[in-house]
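Observations on the model geometry
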Amino acid sequence: DTGVSQDPRHKITKRGQNVTFRCDPISEHNRLYWYRQTLGQGPEFLTYFQNEAQLEKSRLLSDRFSAERPKGSFSTLEIQRTEQGDSAMYLCASSFSRVNTGELFFGEGSRLTVL
Amino acid sequence: AQKVTQAQTEISVVEKEDVTLDCVYETRDTTYYLFWYKQPPSGELVFLIRRNSFDEQNEISGRYSWNFQKSTSSFNFTITASQVVDSAVYFCALQGARGDTGRRALTFGSGTRLQVQP
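A short tour of the structure in this document, coming up. (Residues numbered from 1 in each chain as written. Chains lettered and ligands numbered in written order. Predicted model: local features only at pLDDT ≥ 70, side-chain atom pairs only at ≥ 80, totals over all residues. Heavy atoms only, no water.)

**Points about the pairing of strand β5 (residues 44-50) of chain A**
All names here are of chain A. Buried residues dominate β5, accounting for five of its seven residues. The pairing of strand β4 (residues 31-37) with β5 spans six bridges and is antiparallel. Bridge pairing links L32 to F49 in β5. Where β4 folds back onto β5 in an antiparallel hairpin, the turn is made up of six residues, including G40, whose phi is positive at roughly 80 degrees. Note that β5 and strand β6 (residues 53-57) share four bridges and pair antiparallel. Paired with T47 across the bridge in β6 is K57. Counted along the chain from β5 to the antiparallel partner β6, the turn is two residues long, and its residue N51 has a positive phi close to 55 degrees. (Buried < 20%, exposed > 50% of the residue type's maximum accessible area, 1.4 Å probe, protein only. Helix = DSSP H or I, 4+ residues; strand = E, 2+ residues; numbered from the N terminus. Pairing = 2+ DSSP bridges.)

Here you go:
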């Protein structure tokens, strides 16, 4: 059984470029979350999907950020016109709604560096 | 607004010492959940526990124990007889119905880095 996988693990880009991250959740998990973590801080919630529906979005998610989960399986997070302030670790997590432990399973993250 | 405060930025102990990580939270919700997660050097957050706001019983799991006190809005985590493998960053988190971003979002504290020296 594989856990949550994220790709790429590291991305270095120049300011103004677009980047896309992919998350493959645990296969039977219907809930998927994106968080962002900067150095020395705790993760900050970005958005949440149940199946293919995006049900919650943080005010942190500016219009340069868009997330999709087209078939209720993998998800992508795209950042357009990247800024240096976007440099962070982007974490994906998944869970199964029928298991009521509240446990989120996190991936290892995609680290973004914007030069 | 919800808030989680972990005032201890870094703690260093020697193996076999007991250590307590503090967590104080703020919420206007009457129903909420509190969590602890561990982030080892590999970076992957690992779930440790979830507590319901109506359940103030302390919990023990092996060397780990949690003390939930609603009166002081605290949810502290104690590791007994610490080991080098306990070295990690530990996050306390809160989930409530009236979070800024919805009921599913976790609000994390800034974490406490625990270093256990051999």
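**Structural notes on the pattern of salt bridges**
Scanning the model with the defined rule gives seven salt bridges over all chains in all. Across the pair A:E83 and A:R64 runs a salt bridge whose closest N-O atoms are separated by 3.4 Å. Highlighted residues: A:E83 in the loop between β8 (75-79) and β9 (88-95) and A:R64 in the loop between β6 and β7 (65-68), separated in sequence by 19 residues. Residue B:R51 is joined to B:E59 by a salt bridge in which the shortest nitrogen-to-oxygen separation is 2.4 Å. Take B:R51: its relative accessible area is 7%, and that puts it in the buried class. If you follow the salt bridges from partner to partner, you end up with A:R64, A:E83 and A:D86 in one network. (Salt bridge = Lys/Arg side-chain N within 4 Å of Asp/Glu carboxyl O.)

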